[in-house]
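Given next are the chains, with one letter for each unit.
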Amino acid sequence: MNQLSLRKNLEFMSDKSVRVRFAPSPTGPLHMGGVRTALYNYLFAKKHNGTFILRIEDTDQNRFVEGAEEYIIEALKWCGITPDEGQGIGGDYGPYKQSERKAMYKPYADQLIASGNAYYAFDTSEDLDRMRKQALQMKMPNWQYNSVTRTSMQNSLTLPEDEVQKRLDNGDSYVIRFKMPRNEDVRFEDEIRGWVVVNTNNVDDKVLYKSDGMPTYHLANIVDDHTMKISHVIRGEEWLPSAPLHVLLYEAFGWDAPKFAHCPLLLRPDGNGKLSKRDGDRLGFPVFPIDWLSAEGEKFSGYREQGYLPGAFINMLAFLGWNPGTTQEIFTLVEMVEAFSLNRVSKAGAKFDADKTKWFQQQYLRAESESSLAKLLRIEVGDAISSFSDEYLEQACHLMKERATFVEDIYSEGQYLFENPTDFDEKTVSKKWKEEAEELMKEWSKELETISDFDAINIETSFKAFLEAKEMGIGKVLPLFRLVVTGKGMGPSMFEISALLGKEESLKRMEKNIPAIVKLKG
Ligand code: GLU
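Just so it is clear, the structure is predicted and the values come from calculations on it, not from any experiment.

Draft legend 1. Inspection of the site of the ligand at higher detail. Every residue close to the ligand is listed here: Arg21, Ala23, Pro24, Ser25, Glu57, Tyr217, Asn221, Arg235 and Trp239. Between the ligand and arginine 235 there is a distance of 2.8 Å, counted from an oxygen atom to a side-chain nitrogen or oxygen. In the model, an oxygen atom of the ligand is placed 3.2 Å from a nitrogen or oxygen of the tryptophan 239 side chain. Relative to its unbound accessible surface of 290 Å², the ligand loses 85% to contact with the protein.

Rendered as structure tokens:
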């Protein structure tokens, strides 16, 4: 085997072992920042022939929210970000929900105690409050349980061994804390940020396990990532402060740590702060993939219900923090997989741009086939268009899609394709409808009647001949025709509109609407 093919082979082998996970906590609906994290995990996995796993991190039972897990699964499904393995799918490393793995964690906590990397702490919440208050009085606002303060607390480092045993036997409640080393630099190479160095003096002795039998996020996360053979941890920037502890936990267990990649924050459009769950409805755009109704009855709107196509949403999201390094902006999911790499993810926060989001939606709507748009239109509009054939709807979509952002715009902008207008554009009536207009339109109506093969080309040819005979310009006459048939001052090709409506309907409208406009004018 030559050098190159050997290298290729090795790359392939290492690709196979790429295993990433999206690990949301079911504490509420999935924010679009979370969807982006899932997307980057998915893209990275697919790019490397790896496995994308969905794991539900529900160790914090106090923050559990009914329906959140179902929401996460449904939202990912709508986006087309399908896990290969995990909650709701299965796989060899399950269960994929931490509450169902509960029994698994205690031996790991015990292992850390045995190796001197963790200790029991018996301090009650009153004890901790008292310490915080005392520190505050001494002008030290951020009291932490750490390498300094732990020496004056009630834990297995300060209490005699038999006392510790007595308390444990007694069933006293306790937590297991990580024994953070004093004044050590923890360093790791983040795939997005490069080298990160944090001194342990800035990190507290985090709780890993509680006597109620539940691990905390930190312990469960590390144990699961290790036992699920996760190769890369791709997650939001808000977890960066936890990473040094995680690195030390891997060391304490004697395990190889996965590679870390902390994605940039999603910022408000003005760049002022993190995009929060209430920003969306306040600033007029959704922050969630799909609608969410909170238990308190508060509604948060989603992209799906606002009429966004999932492809547009995903495409827009991918660009919040990543760019392909070319000018291409429209990417199918498959193209995105091909183009994606973590080293093109920026570390700077990404500003959400509502206009750009709409632009993506427009591009996707235009790229949709007429037949799929027609199906969506039927679902969206329902009864009002139920009597129209599929062909008719497809043609209507063809005419209107360039002017629409959302599927429903095809109906609202092109309502005249489905019913005779009752309103007539005021500006066109006042500016274009002159003295001779009534007569002119009546004559044109007669011409229309003579067209036997009523298609757009024939209507156009006839119209041009009519203009020639009248020695009039198109700019004077076409707006009148449009006004009579559609009630509008602008729109797609009038010849195509009239052809779609058909001869009978076009003539009916001429007959009915000419007098209506005359009346309006008078
Ligand atoms: N459960 C954490 C969350 O809700 C996941 C953090 C991680 O990916 O390690 O975001």
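Draft legend 2. Summary view of the sheet that holds strand 4 (residues 118-121). Read from one edge to the other, the open sheet built from three strands follows the order 4-5-8, with strand pairing classed as antiparallel. The sheet is open, and its two edges are formed by strand 4 and strand 8 (207-210), each paired on a single side. Within the sheet, the average angular offset between the axes of one strand and its neighbour, ignoring direction, is 25°. Alignment of strand 4 against strand 5 (residues 175-178), held across four bridges, turns out to be antiparallel. Bridge pairing in strand 5 places tyrosine 119 opposite arginine 177. Contacts from helix 4 (residues 106-114) reach strand 4, strand 5 and strand 8, with the element oriented near 105° to strand 4.

Draft legend 3. Region of interest: the environment of lysine 97. Turning to its location among the elements, lysine 97 is positioned in the loop between strand 3 (85-86) and helix 4. Between the alpha carbons of lysine 97 and glycine 116 there is a distance of 29 Å; along the sequence they are 19 residues apart. In this structure the side chain of lysine 97 is engaged in a polar contact, spanning 2.7 Å, whose partner is the side chain of glutamate 69.

Draft legend 4. Structural detail: the pattern of salt bridges. This structure, assessed with the given rule, holds 30 salt bridges. Across the salt bridge formed by arginine 55 and aspartate 225, the nearest N and O atoms sit 2.8 Å from each other. Of this pair, arginine 55 sits in the loop between strand 2 (51-54) and helix 3 (68-79) while aspartate 225 sits in helix 7 (residues 217-227), and the two are 170 residues apart along the sequence. Just as arginine 55 is buried, aspartate 225 falls in that class too. Two residues, aspartate 390 and arginine 378, come together in a salt bridge whose shortest N-O distance is 2.8 Å. Of this pair, aspartate 390 sits in helix 14 (residues 390-400) while arginine 378 is found in helix 13 (residues 370-381), placing the two residues twelve residues apart along the sequence. In this structure, a network of salt bridges that share partners links the residues Arg21, Arg55, Glu57, Arg101, Asp224 and Asp225.

Draft legend 5. Inspection of the packing of helix 17 (residues 437-450) against helix 18 (residues 456-470) at higher detail. Running from N to C, helix 17 and helix 18 point in directions that differ by 135°, and their axes come no closer than 10 Å. Taken together, the axis directions place helix 17 and helix 18 in an arrangement best described as oblique. Of the two elements, helix 17 crosses helix 18, and the hand of that crossing is right-handed. Mapping the contact onto sequence places Leu440, Glu443, Trp444, Glu447 and Leu448 in helix 17 and Ile459, Ser462, Phe463, Phe466 and Lys470 in helix 18. Residues that form the contact of helix 17 with helix 18 fall into these classes: six nonpolar, one polar and three charged.

Draft legend 6. How the structure looks around the packing of helix 19 (residues 474-486) against helix 20 (residues 494-521). Closest axis-to-axis distance for the helix 19/helix 20 pair is 7 Å, and the angle between their directions is 85°. In terms of orientation, helix 19 lies roughly perpendicular with respect to helix 20. Mapping the contact onto sequence places Leu478, Phe481, Arg482, Leu483, Val484, Val485 and Thr486 in helix 19 and Met494, Phe495, Ile497, Ser498, Leu501, Arg509, Met510, Asn513, Ile514 and Ile517 in helix 20. Residue classes in the contact of helix 19 with helix 20 are distributed as twelve nonpolar, three polar and two charged.

Definitions and limits used
- Residues numbered from 1 in each chain as written.
- Predicted model: local features only at pLDDT ≥ 70, side-chain atom pairs only at ≥ 80, totals over all residues.
- Heavy atoms only, no water.
- Near = heavy atom within 4 Å.
- Polar contact = N/O pair within 3.5 Å; in protein donor to acceptor, adjacent residues only side chain to side chain.
- Areas by Shrake-Rupley, 256 points an atom, 1.4 Å probe, with all protein chains shown as cover.
- Pairing = 2+ DSSP bridges.
- Helix = DSSP H or I, 4+ residues; strand = E, 2+ residues; numbered from the N terminus.
- Axes fitted to C-alpha atoms, helices over the stretch in contact; angles between N-to-C directions.
- Contact = heavy atoms within 4.5 Å.
- Salt bridge = Lys/Arg side-chain N within 4 Å of Asp/Glu carboxyl O.
- Buried < 20%, exposed > 50% of the residue type's maximum accessible area, 1.4 Å probe, protein only.
- Parallel < 35°, antiparallel > 145°, perpendicular 65-115°, else oblique.
- Left-handed = near helix turned anticlockwise from the far one by under 90°.
- Nonpolar A, V, L, I, M, F, W, Y, C, P; charged D, E, K, R; others polar.

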